[in-house]
Amino acid sequence: MRTPRASEARGVAPAAIIVAAATLLVVGFGVSGAHERALRSQASSWQGLVGGPRPAVEVGQRELVVLKAPSLAQQVAQNGGFATQRQEHEWTRSALASQKQLLTVLSVHGIQVRVDFSFARVLNGFSAALDARAVALLERQDDVAGVYPVRVAYPASLSSQLLGREGLAIGAGQLPSVLLPGYDGRGVSIALLDTGVDAAHPYLRGRIQDGVNVVDPEVRSGAPAVPDPSEPSRREDHGTEMAGLLVGAGGPGGISGVATGASVLPIRVAGWQLDQTGEWAVYARTDQLIAGLERAVDPNLDGDAHDAARIALVGVAAPYAAFADSPEARAVQGALQLDTLVVAPAGNDGPAGPGYGSIASPGGAPAALTVGASDLRTRVEQVPVVVRTGLKLLLDRKLPLAGAVTSAGPLELSLAAPREPAQGSSPSLSDYFDGKGVSLVAGRAAFVPSGGDPRLAIEYAAQAGARAVVVHGVSLPAGGLGLDETVGIPVISIPERVARDVIASLSRGRAAVASIGLPATLPNGSDGGIAPFSSQGLAFDARVKPDLVAPGVVLATAEPGRNDDGSARFGTVNGTSAAAAVVTGAAALLAQLRPDLRAPDLKSLLAGSAEPLAETSVTEQGGGLVDAGAAATAEVSAEPDSLAFGRAQGDGWHATQHLVLRNVSSRKLRVRIENAGAGGLEITPVPAYVRLKPGGSTVVRLVARLRGAPPTAGSAEGAVLLLPRGAAPLRVPWAITFAGNAPPALSRIALSASAFKPSDTTPAVLSLRAGALQQLETGPQVQPLARLDVDLWRGGERLGLLARLRDVLPGQVAIGLTGRDPDGNRLAAGPYRIKLVAVPTTGRPITRKVVKFRIK
């Protein structure tokens, strides 16, 4: 939203090294091990149905450079949250001037930088393609806070397209009590950072502003839903779907968005871009995301953030990158300082280990309101399925119906498989036809492998005339496809052991038959619980994430474009970005009802007043299921809204956190502070109660201390309760894990040559594995690094920093040693040492390793 105005109430040497870091994007802890194992198993069945396939993307040498000089947001915060337009213009110009000064320094050293994006409002920095010498030089500059990798972010939900004539899928359109009677978000502006939006869709008409196109900035026609350049019939759809969940009205079956009176500013930060194979794919980069946040807080780019959007919904997520100090995390903090609440998806990567979880970026940002997904469907459909080859019965059981379409009567169909694609080729529709153009599956049950994108394989089978689709290679969940007019046939998946027998029979030319009966509805096993695909915490600063959850399965919404008969397209969507859209709508209602709330208050009230889900860990749900009604009546807010005590070391371990409490009511409050939790962790508030006048605030110190041995579960969790007299409590969740044996932070260290001559073209290669990945029973456990330093030494003299990598996910790192010092000078003959310093994100000691070599 707007920041309160003061008048308102409120010639260069060759490179020393070459660095290439190939990070491994990898896949936190629950109430019980059995619960976590079950959730992990269920999560695998949703692969390919939430978030879609993630194309391999090469970001080149793009880096994000963060400066120490303050951004506009930091200047406003230092000024107590107040600023005039003139001050904001001046502070924005000052941030940009500091960047020009730094670029001049690089130019003096012979390094010419072509800036991709420049940031001054939520963050002071820029993105650009930088080689190793530029990165090393920047890291040695006093006015540089750090150089960080640009990451790839993907839409965090996937649609089940084209709901319409058939009606609603089971559970579609059902939302919890996020509505506030009499309020529709009118007057609230929501920035939507996603793909483009079909503003002409009748479900959205009149509520979509012109928009901003970050992906294609030279296109000045707003932020449309752009067609695939290689296949115009495909359009990017995610932004339209999120807009429908936010502000849609007048849909089939009475569906509508949460805040039908709000307006949406679409900011296209994701869209069709080339992937590593040269194909077009939909994704965003984190520098594009930050550029989008710049426009969310300053839509007209005049350097004044008084016209900032009240709320910003981020619809994309960078998997597993839950770093608290990343540039995008800093940008989210900047937006909050400019009074814009940023709502982000937790990610769709399911459960992970008991320490750091699978939270995506920017959901790992402490300042983001991070949302996980729950499944509120009360019932799902199953169908009886029989599979046989000849007289041999392979399967006779009820299986989940993955889609929402059934046949008018029982089916008995021959199974037919498509051709295998040529080696190195992706599956295509042509695989379903023979050399004469005759369909291989028409009138039959298409027997198809799921591959990396089961939805695409199913659509191809339907287009080729199949009467049903039998998928193998993945266990599709009930309703996972939702309702899709392009797939107007039944879809099921069969166990792999059965699939192997079918494959063997078909390869010998023997017939295989599938019988599919009529569906029956059964209770949903995860009714009211966490969706199995929803990412869990902790974030990499050991903070509880997500902050809360909302429904994110089979939500009805708009789809871009029109049907063949000219009618508007609708569909259903799954994913944590869909859940984030629901919470964003609730935030808009709350902002309309209580316009005096600051963005941090909105964040706290929504997270702290959520309804806890029974038998569910706080690392899965945060505060619980969103409850707009409870948030509307809350009287005290807390910053932060979740705690990060770190990793406990054993009996007597202690840590301290501070909470800022603020009275957001119109009466005086007496607030008692208590801890509710288990696992041997005592949390003592100092003081134990406070008195607050209306609008007043105070700081409470929370001292956590472990008494006795750590619990056998290896973790403890709970919540600090803020109990205003005569009002409902506000919950601030916490969770800790206990230090145990962990794999080394640096391993597999090897130098290609222990003695070499200086060479800029054939350097010696130092290879190592940075960070670690543990395969635990509950899922993979990521051990990232906050920083990896490469220092050059000779004897007892430190010659300087050769390289620094920040926010490192587990993976291989290769460092080329050219035989030059950090200034680019050739090293004299003699012995040298490389000191490797690996700094963990939190809770573990620093790792140091030494590699010796000799210059000939």
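Residues numbered from 1 in each chain as written. Predicted model: local features only at pLDDT ≥ 70, side-chain atom pairs only at ≥ 80, totals over all residues. Heavy atoms only, no water.

**Q** Let's hear about the overall build of the protein chain: which residues, and what values?
**A** Within the protein chain, the regular secondary structure consists of 13 helices and 49 strands. For the protein chain, the accessible surface area stands at approximately 31800 Å², while carbon and sulfur atoms represent 50% of it. (Helix = DSSP H or I, 4+ residues; strand = E, 2+ residues; numbered from the N terminus. Areas by Shrake-Rupley, 256 points an atom, 1.4 Å probe, with all protein chains shown as cover.)

**Q** Talk me through the nonpolar core; I want residue IDs and the actual numbers.
**A** Nonpolar side chains in soluble globular proteins tend to be buried together. Judged by nonpolar contacts, the single largest core of 126 residues is most densely connected at Leu 193, Ile 267 and Val 343. Looking at this core, the element that brings in the most residues is helix α10 (residues 576-593), giving twelve residues. Discounting residues that sit within four places of it in the chain, Val 343 has contacts with Ile 311, Ala 312, Leu 313, Val 314, Leu 369, Val 371, Ala 580, Val 583 and Thr 584. (Core = buried A, V, L, I, M, F, W, Y, C linked by side-chain atoms within 4.5 Å. Buried < 20%, exposed > 50% of the residue type's maximum accessible area, 1.4 Å probe, protein only. Contact = heavy atoms within 4.5 Å.)

**Q** Run through helix α7 (residues 327-337), naming residues and quoting values.
**A** Burial runs high along α7: eight of the eleven residues are buried. Every buried residue of α7 is listed here: Pro 327, Glu 328, Ala 329, Ala 331, Val 332, Gly 334, Ala 335 and Leu 336. Contacts from the buried residues of α7 go to β2 (62-67), α2 (72-78), β5 (144-149), α6 (286-297), β17 (341-345) and α11 (599-608). Of the residues flanking the end of α7, it is Asp 339, one or two places downstream, whose phi is positive at about 75 degrees.

**Q** Requested: an account of unusual backbone geometry, with residues and values cited.
**A** Of note, the amide linkage connecting Ser 361 to Pro 362 takes the cis form, showing an omega dihedral of 5 degrees. Positionally, Pro 362 belongs in the loop between β17 and β18 (369-375). Cis geometry is found at the peptide bond from Val 686 to Pro 687, where omega equals 0 degrees. Structurally, the position occupied by Pro 687 is in the loop between β35 (681-686) and β36 (689-692). At Asp 339, a residue that is not glycine, the phi angle is positive and equals roughly 75 degrees. Note that Asp 339 resides in the loop between α7 and β17. One non-glycine residue, Arg 748, lies in positive phi territory at about 50 degrees. Within the fold, Arg 748 resides in strand β40 (residues 746-751). Of the residues examined, Arg 748 reaches a relative accessible area of 62% and is grouped as exposed.

**Q** Tell me about the sheet that holds strand β16 (residues 316-317), residues and numbers included.
**A** Taken together, four strands build an open sheet; the order of strands is β13-β14-β6-β16 and the sheet is antiparallel. Each edge of the sheet is formed by a strand with only one pairing partner; in this case those strands are β13 (271-274) and β16. Of the pairings in the sheet, the one linking β13 to strand β14 (residues 280-285) comprises four bridges and is antiparallel in character. Residue Gly 271 lies in a different strand from β14, and its bridge partner there is Tyr 283. Taken strand by strand, α6 contacts β13 and β14, and its axis lies near 60 degrees from that of β14. (Pairing = 2+ DSSP bridges. Axes fitted to C-alpha atoms, helices over the stretch in contact; angles between N-to-C directions.)

**Q** Before we move on, can you summarise the packing of aromatic side chains with the specific residues and values?
**A** Evaluation of the coordinates by the stated rule reveals five aromatic pairs. Geometrically, the ring pair formed by Tyr 203 and Phe 570 is edge-to-face, given 5.2 Å between the ring centres and 80 degrees between the ring planes. In this pair, Tyr 203 sits in the loop between β8 (189-194) and β9 (212-213) while Phe 570 sits in strand β30 (residues 568-575), placing the two residues 367 residues apart along the sequence. Under the relative-accessibility criterion, Phe 570 is labelled buried at 8%. Feature note: the residues Phe 756, Tyr 832 and Phe 853 constitute an aromatic cluster, connected by ring pairs. The ring of Tyr 689 carries the charged tip of Arg 670 above its face, separated from the ring centre by 4.0 Å. Over the face of the ring belonging to Trp 793 we find Lys 835, whose NZ or CZ atom lies 3.9 Å from the ring centre. (Phe/Tyr/Trp six-rings, centres within 6.5 Å; stacked < 30°, edge-to-face > 60°. Lys NZ or Arg CZ within 6 Å of the ring centre and 35° of its normal.)

**Q** Any chance you could break down α6 for me, citing the residues and the numbers?
**A** Taking 1.5 Å per residue as the helical rise, α6 with its twelve residues ought to reach 16 Å, and the 17 Å between its terminal C-alpha atoms agrees with that figure. Looking only at α6, the buried set comprises Thr 286, Asp 287, Gln 288, Leu 289, Ile 290, Ala 291, Gly 292, Leu 293, Glu 294, Arg 295, Ala 296 and Val 297. (Expected span 1.5 Å × (residues − 1).)

**Q** Give a detailed account of the sheet that holds strand β4 (residues 125-129), specifying residues and quantitative values.
**A** The strand order across the open sheet built from four strands is β3-β4-β2-β5, with neighbouring strands paired in antiparallel fashion. Two strands bound the open sheet, and with one partner strand each, they are β3 (115-119) and β5. The average angle at which neighbouring strand axes cross in this sheet is 20 degrees, direction not considered. Across four bridges, the pairing between β3 and β4 is antiparallel. Bridged to Phe 117 within β4 is Ser 127. Across the sheet, α6 lies against β2, β3, β4 and β5, angled at about 40 degrees from β3, the strand it touches most.

**Q** Got a sec to walk through the side chain of Gln 273? Specific residues and values, please.
**A** Here Gln 273 is to be found in strand β13. For Gln 273, a relative accessible area of 10% gives the class buried. A polar contact of 2.7 Å, which involves the side chain of Gln 273, links it to the backbone oxygen of Tyr 283. Reaching out from Gln 273, the side chain makes a polar contact with the side chain of Gln 288 at a distance of 3.0 Å. Apart from residues no more than four positions distant in its own chain, Gln 273 is found in contact with Val 215, Glu 279, Trp 280, Ala 281, Tyr 283, Ala 284, Arg 285 and Gln 288. (Polar contact = N/O pair within 3.5 Å; in protein donor to acceptor, adjacent residues only side chain to side chain.)

**Q** Give a detailed account of the packing of α6 against α7, specifying residues and quantitative values.
**A** Following both chains from N to C, one finds α6 and α7 inclined at 10 degrees, their axes separated by 10 Å at the closest point. Comparing their axes, α7 and α6 come out roughly parallel. Along the contact surface, α6 presents Thr 286, Leu 289, Ile 290, Leu 293 and Val 297, while α7 presents Pro 327, Glu 328, Ala 331, Val 332 and Ala 335. Here the residues of the contact of α6 with α7 sort into eight nonpolar, one polar and one charged. (Parallel < 35°, antiparallel > 145°, perpendicular 65-115°, else oblique. Nonpolar A, V, L, I, M, F, W, Y, C, P; charged D, E, K, R; others polar.)

**Q** I'd like to hear about the environment of Ile 458, residue by residue, with values.
**A** Tracing the backbone shows Ile 458 in helix α8 (residues 454-463). Using a relative accessible area of 1% as the deciding quantity, one classes Ile 458 as buried. Placed twelve residues apart in sequence, Ile 458 and Val 470 show a C-alpha to C-alpha distance of 8.7 Å.

**Q** Go over the environment of Val 316 with me, naming the residues and quoting the values.
**A** The topology assignment puts Val 316 in strand β16. Separated by 161 residues in sequence, Val 316 and Pro 155 place their C-alpha atoms 4.2 Å apart. Those residues in contact with Val 316, other than ones at most four positions away along the chain, are Ala 153, Tyr 154, Pro 155, Ala 156, Leu 193, Ala 270, Ala 284, Pro 345, Ser 361 and Pro 362.

**Q** I'd love a proper account of the side chain of Gln 75, names of residues and values included.
**A** Locating Gln 75 in the fold gives a position in helix α2. Apart from residues lying up to four places away in sequence, Gln 75 is in contact with Pro 70 and Trp 91.

**Q** Outline the pairing of strand β42 (residues 764-770), listing residues and values.
**A** Burial within β42 is extensive, with five of its seven residues counted as buried. As paired elements, β40 and β42 share four bridges and run antiparallel to each other. Following the sheet pairing, Ser 747 is matched in β42 by Arg 769. As judged from the seven bridges shared by β42 and strand β47 (residues 811-817), these two strands associate in the antiparallel manner.

Distances and angles like these do not, on their own, reveal function.
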